[in-house]
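This is what each chain is made of:
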Amino acid sequence: MQKPCDFSELSCQQCRNGESLGFDFSMAFQPIIDIQNRSVFAYEALVRGVKGESAYSILSQVNESNRYRFDQTCRVKAISLAAQLGIDCFVSINFLPNAVYKPELCIRTTLKAAKEYNFPVERILFELIEDERIVDMPHLKNIIEAYQQMGFLTALDDFGSVHSGLNLLANFHPDLLKLDIELIRDIDSNPVKQSIVKHMAALCSELKIRLLAEGVETEQEFAFLKQAGVVYMQGYYIARPGFEMLPAINPAVFDQPQ
(Lines give C-alpha, C1' and ligand atoms only; values in the text may rest on other atoms or scores of the structure.)
Protein backbone atom coordinates (compact mmCIF):
# COMPACT_ATOMS: atom_id res chain seq x y z
CA MET A 1 0.00 0.00 0.00
CA GLN A 2 1.37 3.39 -0.95
CA LYS A 3 2.25 5.89 1.74
CA PRO A 4 0.42 9.22 1.65
CA CYS A 5 2.27 12.25 0.44
CA ASP A 6 2.30 15.58 2.26
CA PHE A 7 -1.18 17.05 1.81
CA SER A 8 0.35 20.54 1.71
CA GLU A 9 1.83 19.56 -1.66
CA LEU A 10 -1.60 18.87 -3.16
CA SER A 11 -3.40 22.16 -3.58
CA CYS A 12 -6.68 22.18 -5.50
CA GLN A 13 -4.95 24.25 -8.19
CA GLN A 14 -2.23 21.61 -8.60
CA CYS A 15 -4.80 18.82 -8.75
CA ARG A 16 -6.94 20.69 -11.24
CA ASN A 17 -4.00 21.24 -13.58
CA GLY A 18 -2.34 17.87 -13.05
CA GLU A 19 0.88 19.64 -12.08
CA SER A 20 1.95 16.92 -9.67
CA LEU A 21 1.40 14.14 -12.22
CA GLY A 22 3.34 15.24 -15.26
CA PHE A 23 0.27 14.79 -17.48
CA ASP A 24 -3.14 16.43 -17.57
CA PHE A 25 -6.63 15.10 -18.22
CA SER A 26 -10.26 16.07 -18.01
CA MET A 27 -13.67 14.48 -17.48
CA ALA A 28 -16.78 13.44 -19.35
CA PHE A 29 -20.11 13.05 -17.57
CA GLN A 30 -22.69 10.30 -18.12
CA PRO A 31 -26.09 10.36 -16.43
CA ILE A 32 -27.47 7.64 -14.20
CA ILE A 33 -31.25 7.84 -14.31
CA ASP A 34 -33.93 6.93 -11.81
CA ILE A 35 -36.79 5.67 -13.97
CA GLN A 36 -39.18 5.50 -11.03
CA ASN A 37 -38.84 9.20 -10.26
CA ARG A 38 -38.16 10.09 -13.92
CA SER A 39 -35.08 12.04 -12.99
CA VAL A 40 -31.30 12.03 -13.12
CA PHE A 41 -29.98 10.37 -9.99
CA ALA A 42 -26.29 11.09 -10.64
CA TYR A 43 -23.66 11.91 -13.22
CA GLU A 44 -20.63 9.65 -13.33
CA ALA A 45 -17.35 11.49 -13.88
CA LEU A 46 -15.31 9.56 -16.46
CA VAL A 47 -11.63 10.20 -17.15
CA ARG A 48 -10.75 11.56 -20.59
CA GLY A 49 -7.77 13.24 -22.24
CA VAL A 50 -7.76 17.03 -22.44
CA LYS A 51 -9.08 16.79 -26.00
CA GLY A 52 -11.55 14.04 -25.22
CA GLU A 53 -9.17 11.12 -25.76
CA SER A 54 -10.09 7.71 -24.33
CA ALA A 55 -9.89 6.80 -20.67
CA TYR A 56 -7.23 4.22 -21.54
CA SER A 57 -4.91 6.92 -22.88
CA ILE A 58 -4.87 8.38 -19.36
CA LEU A 59 -5.17 5.30 -17.17
CA SER A 60 -2.24 3.67 -18.98
CA GLN A 61 -0.03 6.40 -17.49
CA VAL A 62 -1.04 5.61 -13.91
CA ASN A 63 1.47 3.53 -11.96
CA GLU A 64 2.55 2.77 -8.42
CA SER A 65 4.47 6.03 -8.07
CA ASN A 66 1.65 8.36 -9.12
CA ARG A 67 -1.51 6.39 -8.20
CA TYR A 68 -2.21 8.40 -5.05
CA ARG A 69 -1.79 11.78 -6.76
CA PHE A 70 -3.91 10.64 -9.71
CA ASP A 71 -6.70 9.52 -7.39
CA GLN A 72 -6.65 12.86 -5.58
CA THR A 73 -6.54 14.81 -8.84
CA CYS A 74 -9.53 12.89 -10.21
CA ARG A 75 -11.60 13.91 -7.21
CA VAL A 76 -10.75 17.58 -7.55
CA LYS A 77 -11.35 17.68 -11.29
CA ALA A 78 -14.68 15.90 -10.95
CA ILE A 79 -15.87 18.26 -8.22
CA SER A 80 -14.67 21.43 -9.95
CA LEU A 81 -16.32 20.49 -13.26
CA ALA A 82 -19.51 19.33 -11.51
CA ALA A 83 -19.75 22.72 -9.82
CA GLN A 84 -18.99 24.54 -13.06
CA LEU A 85 -21.71 22.57 -14.90
CA GLY A 86 -24.25 23.18 -12.15
CA ILE A 87 -24.87 19.53 -11.35
CA ASP A 88 -27.63 19.48 -8.74
CA CYS A 89 -27.73 15.73 -8.12
CA PHE A 90 -25.05 13.23 -7.10
CA VAL A 91 -21.70 13.16 -8.85
CA SER A 92 -20.16 9.69 -8.95
CA ILE A 93 -16.38 9.69 -8.56
CA ASN A 94 -14.34 6.56 -9.22
CA PHE A 95 -11.73 5.91 -6.56
CA LEU A 96 -8.66 3.70 -6.43
CA PRO A 97 -8.77 1.67 -3.19
CA ASN A 98 -5.08 0.84 -3.41
CA ALA A 99 -4.35 4.58 -3.39
CA VAL A 100 -6.21 5.26 -0.14
CA TYR A 101 -3.82 5.00 2.80
CA LYS A 102 -6.18 6.15 5.54
CA PRO A 103 -9.70 7.23 4.52
CA GLU A 104 -9.92 9.99 7.12
CA LEU A 105 -6.68 11.52 5.84
CA CYS A 106 -7.07 10.91 2.11
CA ILE A 107 -10.51 12.57 2.12
CA ARG A 108 -9.06 15.97 3.04
CA THR A 109 -8.33 17.04 -0.51
CA THR A 110 -11.88 16.06 -1.51
CA LEU A 111 -13.43 18.10 1.29
CA LYS A 112 -11.21 21.06 0.50
CA ALA A 113 -12.22 20.94 -3.16
CA ALA A 114 -15.92 20.72 -2.28
CA LYS A 115 -15.57 23.79 -0.09
CA GLU A 116 -13.51 25.73 -2.65
CA TYR A 117 -15.97 25.05 -5.49
CA ASN A 118 -19.06 25.29 -3.29
CA PHE A 119 -20.21 21.76 -4.14
CA PRO A 120 -22.27 20.04 -1.42
CA VAL A 121 -20.35 17.09 0.03
CA GLU A 122 -23.62 15.22 0.52
CA ARG A 123 -23.89 14.95 -3.29
CA ILE A 124 -20.64 13.00 -3.66
CA LEU A 125 -20.85 9.29 -4.44
CA PHE A 126 -17.67 7.19 -4.37
CA GLU A 127 -17.51 4.30 -6.82
CA LEU A 128 -15.00 1.47 -6.50
CA ILE A 129 -13.19 1.53 -9.85
CA GLU A 130 -13.36 -1.76 -11.74
CA ASP A 131 -9.77 -1.68 -13.02
CA GLU A 132 -8.27 -2.22 -9.58
CA ARG A 133 -7.67 -5.74 -8.27
CA ILE A 134 -8.50 -5.90 -4.58
CA VAL A 135 -5.34 -6.79 -2.70
CA ASP A 136 -6.49 -6.07 0.85
CA MET A 137 -10.16 -6.87 1.57
CA PRO A 138 -10.16 -5.63 5.19
CA HIS A 139 -8.63 -2.34 4.02
CA LEU A 140 -11.34 -1.92 1.36
CA LYS A 141 -14.05 -2.67 3.91
CA ASN A 142 -12.55 -0.02 6.18
CA ILE A 143 -12.60 2.53 3.34
CA ILE A 144 -16.24 1.84 2.45
CA GLU A 145 -17.39 1.96 6.06
CA ALA A 146 -15.41 5.15 6.72
CA TYR A 147 -16.89 6.89 3.69
CA GLN A 148 -20.40 5.84 4.69
CA GLN A 149 -19.86 7.11 8.23
CA MET A 150 -18.78 10.44 6.73
CA GLY A 151 -22.10 10.60 4.90
CA PHE A 152 -20.97 9.65 1.39
CA LEU A 153 -22.80 7.12 -0.77
CA THR A 154 -20.72 4.22 -2.09
CA ALA A 155 -21.07 1.97 -5.13
CA LEU A 156 -19.57 -1.35 -6.17
CA ASP A 157 -18.95 -1.33 -9.92
CA ASP A 158 -19.04 -4.19 -12.46
CA PHE A 159 -20.77 -6.68 -10.18
CA GLY A 160 -20.55 -10.09 -11.82
CA SER A 161 -17.22 -9.50 -13.54
CA VAL A 162 -14.06 -11.43 -12.75
CA HIS A 163 -13.04 -9.26 -9.78
CA SER A 164 -16.46 -8.15 -8.49
CA GLY A 165 -18.70 -10.84 -7.07
CA LEU A 166 -20.60 -12.19 -4.11
CA ASN A 167 -17.46 -12.33 -1.97
CA LEU A 168 -17.18 -8.54 -2.14
CA LEU A 169 -20.87 -8.09 -1.41
CA ALA A 170 -20.57 -10.41 1.58
CA ASN A 171 -17.71 -8.36 3.00
CA PHE A 172 -19.21 -4.92 2.83
CA HIS A 173 -22.55 -3.25 2.21
CA PRO A 174 -22.40 -0.63 -0.58
CA ASP A 175 -25.29 1.78 -1.17
CA LEU A 176 -25.39 0.90 -4.86
CA LEU A 177 -24.53 -2.20 -6.85
CA LYS A 178 -23.71 -1.76 -10.55
CA LEU A 179 -24.33 -4.81 -12.70
CA ASP A 180 -21.52 -5.64 -15.11
CA ILE A 181 -22.14 -4.69 -18.73
CA GLU A 182 -21.74 -8.31 -19.83
CA LEU A 183 -24.82 -9.25 -17.79
CA ILE A 184 -26.80 -6.50 -19.52
CA ARG A 185 -25.76 -7.12 -23.13
CA ASP A 186 -28.66 -8.78 -25.02
CA ILE A 187 -30.43 -9.56 -21.76
CA ASP A 188 -33.78 -9.26 -23.50
CA SER A 189 -33.04 -12.48 -25.43
CA ASN A 190 -30.94 -14.40 -22.89
CA PRO A 191 -32.97 -16.39 -20.32
CA VAL A 192 -29.95 -17.15 -18.14
CA LYS A 193 -29.01 -13.48 -17.79
CA GLN A 194 -32.66 -12.65 -17.18
CA SER A 195 -32.82 -15.09 -14.28
CA ILE A 196 -29.59 -13.78 -12.76
CA VAL A 197 -30.72 -10.16 -12.89
CA LYS A 198 -34.18 -10.92 -11.53
CA HIS A 199 -32.63 -12.72 -8.56
CA MET A 200 -30.12 -9.88 -8.07
CA ALA A 201 -33.00 -7.40 -8.01
CA ALA A 202 -34.71 -9.46 -5.30
CA LEU A 203 -31.46 -9.81 -3.32
CA CYS A 204 -30.71 -6.09 -3.47
CA SER A 205 -34.26 -5.29 -2.39
CA GLU A 206 -33.84 -7.55 0.63
CA LEU A 207 -30.44 -6.02 1.48
CA LYS A 208 -31.69 -2.44 0.94
CA ILE A 209 -29.12 -1.86 -1.83
CA ARG A 210 -29.95 0.14 -4.94
CA LEU A 211 -29.40 -1.93 -8.09
CA LEU A 212 -28.00 -0.12 -11.11
CA ALA A 213 -27.64 -1.52 -14.64
CA GLU A 214 -24.81 0.02 -16.63
CA GLY A 215 -24.12 -0.40 -20.32
CA VAL A 216 -27.79 -0.26 -21.37
CA GLU A 217 -27.54 0.21 -25.12
CA THR A 218 -30.86 -0.82 -26.68
CA GLU A 219 -34.54 -0.16 -26.17
CA GLN A 220 -35.09 -3.89 -25.69
CA GLU A 221 -32.51 -4.13 -22.88
CA PHE A 222 -34.02 -1.05 -21.24
CA ALA A 223 -37.56 -2.45 -21.45
CA PHE A 224 -36.62 -5.80 -19.91
CA LEU A 225 -34.64 -4.23 -17.06
CA LYS A 226 -37.51 -1.90 -16.25
CA GLN A 227 -39.93 -4.83 -16.21
CA ALA A 228 -37.50 -6.77 -13.97
CA GLY A 229 -37.60 -4.01 -11.38
CA VAL A 230 -34.26 -2.30 -12.05
CA VAL A 231 -34.80 1.36 -11.19
CA TYR A 232 -31.37 2.87 -11.88
CA MET A 233 -29.81 2.68 -15.34
CA GLN A 234 -26.87 4.05 -17.30
CA GLY A 235 -25.72 3.55 -20.87
CA TYR A 236 -25.67 4.74 -24.46
CA TYR A 237 -29.42 4.18 -24.91
CA ILE A 238 -29.96 6.78 -22.20
CA ALA A 239 -27.11 9.14 -23.07
CA ARG A 240 -23.52 8.95 -24.22
CA PRO A 241 -20.92 10.64 -22.00
CA GLY A 242 -20.61 14.37 -22.59
CA PHE A 243 -17.05 15.71 -22.63
CA GLU A 244 -16.92 18.54 -20.10
CA MET A 245 -20.69 18.91 -20.51
CA LEU A 246 -23.99 17.34 -19.50
CA PRO A 247 -25.36 15.35 -22.46
CA ALA A 248 -28.96 15.36 -23.65
CA ILE A 249 -30.94 12.38 -22.33
CA ASN A 250 -33.02 10.21 -24.63
CA PRO A 251 -36.57 11.45 -23.90
CA ALA A 252 -37.96 7.96 -24.54
CA VAL A 253 -36.60 6.70 -21.21
CA PHE A 254 -39.00 8.97 -19.33
CA ASP A 255 -41.86 8.86 -21.81
CA GLN A 256 -42.69 5.19 -21.31
CA PRO A 257 -45.58 4.49 -18.92
CA GLN A 258 -44.84 3.18 -15.43
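Here the structure is a predicted model, which is why all the values come from computation and not from measurement. (Residues numbered from 1 in each chain as written. Predicted model: local features only at pLDDT ≥ 70, side-chain atom pairs only at ≥ 80, totals over all residues. Heavy atoms only, no water.)

### Regarding the overall build of the protein chain
For clarity, the cut-off: Helical segments are the DSSP runs of H or I of at least four residues, strand segments are the runs of E of at least two, and each set is numbered from the N terminus. Categorising residues by exposure relies on relative accessible area from a 1.4 Å probe, with only protein chains included: less than 20% of the type maximum marks a residue as buried, more than 50% marks it as exposed, and the intermediate range marks it as partly exposed. Working rule for contacts: check all heavy atoms of both residues, and any pair within 4.5 Å makes them a contact. Using a 1.4 Å probe, the Shrake-Rupley method yields the accessible areas, and only the shown protein chains count as cover for residues.
Assigned secondary structure in the protein chain consists of 11 helices and 9 strands. Here the protein chain, with 258 residues, has 53% of them falling under the buried criterion. The long-range share in the protein chain, meaning contacts at least 24 apart out of those at least 6 apart in sequence, stands at 69%. Roughly 11,600 Å² of accessible area belongs to the protein chain as shown, and the carbon and sulfur atoms make up 50% of that amount.

### Concerning the pattern of salt bridges
Let me state the cut-off plainly: Any Lys or Arg side-chain nitrogen located within 4 Å of an Asp or Glu carboxyl oxygen qualifies as a salt bridge.
Across all of its chains, the model carries 8 salt bridges by this definition. Across the pair D24 and K77 runs a salt bridge whose closest N-O atoms are separated by 2.9 Å. With D24 in the loop between α1 (12-17) and β1 (26-34) and K77 in helix α3 (residues 67-85), this residue pair connects regions lying 53 residues apart in the sequence. Between R185 and E221 there is a salt bridge, with the nearest N and O atoms lying 3.0 Å from each other. Of this pair, R185 sits in the loop between α8 (181-184) and α9 (191-207) while E221 sits in helix α10 (residues 219-227), and the two are 36 residues apart along the sequence. Using a relative accessible area of 1% as the deciding quantity, one classes E221 as buried. Look at the salt bridges and you will find they share partners, linking E44, E127, K178 and E214 into a network.

### What about unusual backbone geometry?
Among all residues save glycine, negative phi is the norm, and among peptide bonds the norm is trans. We note that N118 has phi near 55°; this positive angle belongs to a residue other than glycine. Note that N118 resides in the loop between α5 (108-116) and β4 (124-128). Overall, N118 belongs to the exposed group, its relative accessible area being 70%. In this structure, E244 takes a positive phi of about 55° despite not being glycine.

### A closer look at α5
We apply this condition: The arc in question is traced by the directions running from the helix axis to the C-beta atoms.
Regarding α5, the residues found buried are T109, T110, A113 and A114. What you see down the axis of α5 is that its buried residues fit within an arc of 135°, all on one side.

### Regarding the packing of α3 against α5
Rules: Axes here mean lines fitted to C-alpha atoms, for a helix over just the part in contact, with angles spanning 0 to 180 degrees between N-to-C directions. Roughly parallel means an angle under 35 degrees; roughly antiparallel means over 145; roughly perpendicular covers 65 to 115; every other angle is labelled oblique. In this scheme the handedness of a crossing depends on how the near helix is turned from the far one: anticlockwise by less than a right angle means left-handed, clockwise means right-handed. Residue classes follow a fixed rule: Ala, Val, Leu, Ile, Met, Phe, Trp, Tyr, Cys and Pro count as nonpolar, while Asp, Glu, Lys and Arg count as charged, and any other residue, Gly among them, counts as polar.
Running from N to C, α3 and α5 cross one another at 15°; their axes reach a closest spacing of 9 Å. Considering their axes alone, α3 and α5 lie roughly parallel with respect to each other. Of the two elements, α3 crosses α5, and the hand of that crossing is right-handed. Contacts between α3 and α5 pair Q72, R75, V76 and I79 from the former with T109, T110, A113 and A114 from the latter. Looking at the contact of α3 with α5 residue by residue, the class counts come to 4 nonpolar, 3 polar and 1 charged.

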